[in-house]
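# Close look at the chain arrangement
What follows is the residue order along each chain.
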Amino acid sequence: MIRITNLQKSFGPLHVLRGIDMTISRGGIFAILGPNGSGKTTLIKSILGMVIPDQGNLVVNGESVSGKSAYRAEIAYLPQIARFPENLRVCELISLVKSIRKEPADYEKELLDAFELQAVLSQKLRNLSGGTRQKVNILLSLMFECPLLILDEPTVGLDPLAMIRLKEIILRRKAAGTTILLTTHIMGLAEALADEVVFLLDGRIYFQGSLDDMIRQSGENDLEHAIARILERRKDSNSASAPGKSFLNKMIAAF
Amino acid sequence: MNKFITILSGILLILPFAVSGQIVNQRTGTQYRQLKSAIQMAGDHDVLLVKGGFYEEGNITVRKPLTLRGTGGPVLDGSNQNEILTIKADSVLVEGFIIQNVGVSYMKDQAGIRLYGSRGSVIRNNKLKNTFFGILLEKSVHCKVENNEITGNAASEVSSGNAIHLWYCDSMLIRANEVRRHRDGIYLEFVNASMIQENVSENNLRYGLHFMFSDDDTYLKNTFRNNGAGVAVMFSNHITMDQNLFANNWGASSYGLLLKEITDSKITDNKFQQNTSAIYAEGANRCLVTGNDFIRNGWAMKISGNCENNTFTQNNFLSNTFDLSTNSKQNYNSYNGNYWSEYTGYDLNRDGTGDVPYQPVKLYSYIVDRSDASIILLRSFFIDLLNYAEKVAPAITPASLVDSSPLMKPIP
Amino acid sequence: MLKILKFTLYDLLRSRWTIAYFLLYLICAGSLLYFSADPGKAVISLMNILLILCPLVSIMFGVLYFYSSRDFVELLLAQPLPRNSIFTGQYLGVTLSLVTGLSLGLGIPFLFYGIFVSPELMNFGTLLLSGIMLTFIFTGIAFLIAIKNENRIRGFGLALIVWLFMGIIYDGLILIILLIFEDYPLENFVLGMTLFNPVDLSRILLILQLDISALLGFSGAVFKKLFGSSLGMLLVTVLSILWVLVPYLFLRRSASRKDF
């Protein structure tokens, strides 16, 4: 479904993605994990065409994506933060997205009920609380039937009930055959949902495989500790090459 | 071409015969084919009725008091060579003629109608076309020029004459004429105690009306449009200028009214509209300028430093680019009691005049004076800032040149 | 693109900023007409206001909108839409909402005054046209600044500097050059300089209407040719359109290369 080869991206001096090779096949939930600044969001945005890679190739459904837009009809995206045009009503925003995508919003009704959004439909977006906004955000991205679902920190600001509902929905979609890509800080969520994890560290894929494999590899009992262990190890290797900036030092560290 | 000439000469040959019998001496009842012979045969104060026709008889001279009355538009043609009608007698009346194709000469001032040394003659209701000089009056008194329409085709100042030209005259009346496309519309040199009234003078190369060395004259209710300059009054005294319209006199050295070496004159109730400069004054003294409307001119008034003791009051200055510019730091004139649309002061005591003085001279007008390309910055915010700074602390503009009692409302 | 335009307009026409902008012009135009009773005078005063306010508001509001709609843009970018249509839609949406505020704010008082039967119609039309032109130009520049500068403070600062430069400093520079080199024939140079500043272009378009009498007092041959015929009007219009197009094309280029 998605094939990424040697994806590189830097923002100024910051080398965010340093050669990502990754394949995501059809079906299942993929969790992209990694510490802050590891390039999760950049990776997702590259897939969506929002970030233009310096190098590498990105193929979605057999087609290279660079400079194209039509392929995004196959993708639903839930962005991380969502501040929408203040003076639009919720229903107007929904109809805008619907009119752009030109496809039936099969799940609109279900989502409206699940997140109890009927009541706010005619409200202006600036009057919504953060949580409600996130619910609207979820609605906007999940209301279409799409083969690929990309969720960037989907649970931010959600109350427990909404969180449970969201999980249910995600699982239901997976069961219906949708490929789901998500990033999250909440390891519990990843554990509960992911079939496969991709762990990014310093712009590279540190690990890709099943959850169990990852935990086993790190020798810990759960995901949280596994990740903590990985990060600790990195810290050690970084401090071993303390000034650690020059190319030479990096080379040494690599050995 | 040949054919054309044949036809043309045919027409010219046939015409005098075709119109024969058109001239009638009213007293004797005699009929004439030629104007010249009719005039020759007429007695003093006879009336010659000219009923239409085309007369191409070279120069026609009248040396006795006569009435020449055209009906049905008789044409006097000068073949582009001659002066057409020359009058050297008193009490001649010429009316109802079409007078055309005056010869252009660089040696003589040839005219459609010339009066020389005449008293009490009247030229009225004639149409003059393609003239060099239109009506030329020399050394005449108590004559009237009324309701004539004079159109030339002046191309350059040297090769063109004036539509109505008066020289050494007295007590003349020039009324309700329409003059266009000459050098000057109406020109007066050494003409005293005369009245210029209700004329329309437009599209003349130089001036719509031009006074030189003429005193005690009045011009009233005339319209001056699209001339090089509307009216020029030079080296003259005691001129009254009342209720005239000066409009659209556009150009770098173009003025609505140009005053040069003029004293003791009155400029009242005129309307100056969209002229590059409405009034330009140099060496004007003891003049009264009142009741005038200055609307949308480039410069409402350009008053040079050698003008003294003039009074400008009760005028309306409406939306002019510049209300006043002067080239001097001193001011010897009075500008009190006008309405200035640019004025932004207030009137707390409600007496109808603003409580802070108005400074009609802006710094920017000095800048434009120095570098005329800076006109391109007109109405720029930067220029407004400069003007404001100068207004607060005058450094270049004459500090004493203010209207200390600016009106809050325009004079109706 | 039209959808983005439509919804941007929906959003902005209800924005407090647009309404405030509309009210500002409404009050200015209304009170000027009411107090001066001379529509010609009102047009001139409004011109002074417009030449300063219109670029300022357009550039600041453009930058503000661009920054504040970042998230919304991300949502849109994830949709099957080409980038060009998103930014063109937003650009036109912002421009048209400002143009609406401007046109209604100026138009309503003048309509009540009876502008359609007034000899000032042409002048008012030119005023409105200049305002619209300036809005297009400066919103375009604003978007360009905002898209090129992630740092918002930098973006706002740059916008302010551009406005200050084009609205005030530029003319000051021209004046200084004119006065320092007053012995040299600088007309064409100065004329050329003014053509590179959109504020000056609009100003010239207006003074061609309002102050033609004074402009014709200028002796320079090139000026005369320009001002004395419709050539000046034509040139100014063409250049203004270029000033709309060039930032817009740069915006398109930047948009297609930008990372979000």
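Residues numbered from 1 in each chain as written. Chains lettered and ligands numbered in written order. Predicted model: local features only at pLDDT ≥ 70, side-chain atom pairs only at ≥ 80, totals over all residues. Heavy atoms only, no water.

Right, let's get into the interface of chain B and chain C. Contact with chain B, which involves 32 residues of that partner, is made by 39 residues of chain C. For the chain B and chain C pair, buried surface summed over both sides reaches about 3,000 Å², with 65% attributable to carbon and sulfur atoms. Linking chain B with chain C are three salt bridges, by the criterion used here. With a closest N to O distance of 2.9 Å, Arg370 of chain B and Glu182 of chain C form a salt bridge. Where chain B meets chain C, there are eight residue pairs in polar contact (both at pLDDT 80 or more). Mapped onto the side of chain B that touches chain C, the elements with two or more residues apiece are helix H3 (363-370) and helix H4 (381-392) of chain B. (Contact = heavy atoms within 4.5 Å. Buried area = accessible area lost by both parts, 1.4 Å probe. Salt bridge = Lys/Arg side-chain N within 4 Å of Asp/Glu carboxyl O. Polar contact = N/O pair within 3.5 Å; in protein donor to acceptor, adjacent residues only side chain to side chain. Helix = DSSP H or I, 4+ residues; strand = E, 2+ residues; numbered from the N terminus.)

Looking now at the packing of helix H4 (residues 130-142) of chain A against helix H5 (residues 160-175) of chain A. All names here are of chain A. Where H4 contacts H5, the axes come no closer than 12 Å and their chain directions differ by 10°. In terms of axis orientation, H4 runs roughly parallel to H5. Along the contact surface, H4 presents Lys135, Ile138 and Leu142, while H5 presents Ala162, Leu166, Ile169 and Arg173. Of the residues in the contact of H4 with H5, the class split is five nonpolar, no polar and two charged. (Axes fitted to C-alpha atoms, helices over the stretch in contact; angles between N-to-C directions. Parallel < 35°, antiparallel > 145°, perpendicular 65-115°, else oblique. Nonpolar A, V, L, I, M, F, W, Y, C, P; charged D, E, K, R; others polar.)

This brings us to the pairing of strand E6 (residues 66-71) of chain B. Residue and element names in this part refer to chain B. Across six bridges, the pairing between strand E3 (residues 46-51) and E6 is parallel. Bridge pairing in E6 places Val47 opposite Thr67. With three bridges joining them, E6 and strand E9 (residues 93-95) adopt parallel strand pairing. Paired with Leu68 across the strands is Val94, a residue of E9. (Pairing = 2+ DSSP bridges.)

Enumeration over the complete set of coordinates arrives at 30 aromatic pairs over all chains. Measuring from centroid to centroid gives 5.3 Å for Phe7 of chain C and Tyr10 of chain C, while their planes differ by 75°, and the two rings are edge-to-face. Within this pair, Phe7 of chain C and its partner Tyr10 of chain C are both found in helix H1 (residues 2-13), separated by three residues, close to a single helical turn. Of the residues examined, Phe7 of chain C reaches a relative accessible area of 4% and is grouped as buried. Relative to Phe143 of chain C, the ring of Tyr91 of chain C lies with its centre 6.0 Å away and its plane at 70°, an arrangement referred to as edge-to-face. Here Tyr91 of chain C is found in helix H5 (residues 83-113), whereas its partner Phe143 of chain C is found in helix H6 (residues 121-148), with 52 residues between them in sequence. Accessibility assignment for this pair places Tyr91 of chain C and Phe143 of chain C in one class, buried. Among the aromatic residues, those joined into a ring-pair cluster are Phe211, Tyr219, Phe224, Phe246, Phe272, Phe294, Phe317, Trp340, Tyr343 and Tyr358 of chain B. Over the ring of Tyr107 of chain A we find Arg173 of chain A, and its NZ or CZ is 3.6 Å from the ring centre. The ring of Tyr10 of chain C has Arg14 of chain C sitting right over it, with the charged end atom 5.8 Å from the ring centre. (Phe/Tyr/Trp six-rings, centres within 6.5 Å; stacked < 30°, edge-to-face > 60°. Buried < 20%, exposed > 50% of the residue type's maximum accessible area, 1.4 Å probe, protein only. Lys NZ or Arg CZ within 6 Å of the ring centre and 35° of its normal.)

Where interface size is given, it is often the accessible area lost as the parts come together that is meant. Taken residue by residue, the interface counts 27 residues in chain C and 37 residues in chain A. Both sides of the chain C and chain A interface together cover about 2,800 Å² of buried area, and 56% of this is carbon and sulfur. Linking chain C to chain A there are three salt bridges. Among the ionic pairs, Lys45 of chain A bridges to Glu74 of chain C, the shortest N-O distance being 3.1 Å. At the surface where chain C touches chain A, the tally comes to 13 residue pairs in polar contact (both at pLDDT 80 or more). Sorting the residues of the side of chain C that touches chain A by element identifies H1, helix H4 (70-77) and helix H12 (230-257) of chain C as the ones contributing at least two each. Of the residues that constitute the side of chain C that touches chain A, the class distribution is 12 nonpolar, four polar and 11 charged.

Helix length check: H4 of chain B (12 residues) gives 17 Å between terminal C-alpha atoms against 16 Å at 1.5 Å per residue, within 8%. Those residues of H4 of chain B not exposed but buried are Phe382, Ile383, Asn387 and Glu390 of chain B. Relative to the axis of H4 of chain B, the buried residues are bounded by an arc of 140° and lie together on one face. In H4 of chain B, the exposed positions that point more than 90 degrees away from the buried face belong to Tyr388 and Val392 of chain B. Looking at the buried side of H4 of chain B, the elements it contacts are H3 of chain B together with helix H7 (152-180) of chain C. (Expected span 1.5 Å × (residues − 1). Arc of directions from axis to C-beta.)

Let's shift gears to the pattern of salt bridges. When charged atoms on two side chains of opposite charge get close, those side chains can pair. Considering all chains together, one arrives at 33 salt bridges over all chains under this definition. The shortest N-O distance in the salt bridge between Glu108 of chain A and Lys98 of chain A comes to 2.9 Å. On the criterion of sequence distance, the pair formed by Glu108 of chain A in helix H3 (residues 108-114) and Lys98 of chain A in helix H2 (residues 90-101) is long-range, its members being 10 residues apart. On the basis of relative accessibility, which here comes to 28%, the residue Lys98 of chain A falls in the partly exposed class. Of the charged contacts, one joins Asp159 of chain A and Lys135 of chain A as a salt bridge, the two residues approaching to 3.5 Å between their closest N and O atoms. A residue pair is termed long-range when its members are at least 10 positions apart, and Asp159 of chain A in the loop between strand E7 (148-152) and H5 and Lys135 of chain A in helix H4 qualify at 24 residues. The partly exposed category is assigned to Asp159 of chain A, whose relative accessible area is 32%. Take Lys135 of chain A: its relative accessible area is 14%, and that puts it in the buried class. Connected via shared salt-bridge partners are Lys45 of chain A together with Arg70, Glu74, Glu150 and Lys258 of chain C.

A separate point is the environment of Ile367 of chain B. Relative to the helices and strands, Ile367 of chain B resides in helix H3. Among the residues examined, Ile367 of chain B registers a relative accessible area of 9% and is labelled buried. When the C-alpha atoms of Ile367 of chain B and Asp384 of chain B are compared, they prove to be 13 Å apart, with 17 residues separating the residues in sequence. Those residues in contact with Ile367 of chain B that sit more than four places away from it in its chain are Ser374 and Leu386 of chain B together with Leu175 and Leu179 of chain C.

Moving on: the pairing of strand E16 (residues 149-152) of chain B. All names here are of chain B. Bridge count between strand E13 (residues 127-131) and E16: four bridges; the pairing is parallel. Each residue of the ladder has a partner; that of Leu128, found in E16, is Ile150. Summarising the sheet, E16 and strand E19 (residues 178-180) pair through three bridges and their orientation is parallel. Bridging from a neighbouring strand, Ile150 pairs with Val179 of E19.

On to a nonpolar patch on the surface, then. Where nonpolar side chains cluster on the molecular surface, the patch consists of Leu164, Phe165, Ile169, Leu173, Ile176, Ile180, Phe181 and Tyr184 of chain C and spans about 740 Å² of accessible area. Inspection of the secondary structure puts Ile176 of chain C in helix H7. (Patch = residues over 30% accessible without salt bridge, like charges linked within 9 Å, V, L, I, M, F, W, Y side chains within 5 Å. Areas by Shrake-Rupley, 256 points an atom, 1.4 Å probe, with all protein chains shown as cover.)

Further remarks concern the packing of helix H3 (residues 39-68) of chain C against H7 of chain C. All names here are of chain C. Closest axis-to-axis distance for the H3/H7 pair is 10 Å, and the angle between their directions is 165°. Regarding the angle of H3 to H7, the classification is roughly antiparallel. Here H3 runs over H7; the crossing is right-handed. Contacts from Ile52, Pro55, Leu56, Ile59, Met60, Val63, Leu64 and Tyr67 in H3 reach Arg152, Gly155, Phe156, Ala159, Leu160, Val162, Trp163 and Gly167 in H7. Its residues placed into classes, the contact of H3 with H7 shows 13 nonpolar, two polar and one charged. (Left-handed = near helix turned anticlockwise from the far one by under 90°.)

Attention now moves to the arrangement of the chains. Contacts between protein chains span two pairs of chains, and they are most numerous for chains B and C. At the level of C-alpha atoms, the two units chain A and chain B stay apart, their nearest approach being 35 Å.

Residues and elements named next belong to chain A. Spatial ordering of the open sheet is given by E2-E1-E4-E5, a layout of four strands whose pairing is antiparallel. The sheet terminates laterally at strand E2 (14-24) and strand E5 (63-64), the two strands that pair on one side only. Sitting on the sheet, helix H1 (residues 40-48) is in contact with strand E1 (2-11), E2 and strand E4 (55-60), with an inclination near 120° to E1.

The values are spatial; any link to function lies outside them.
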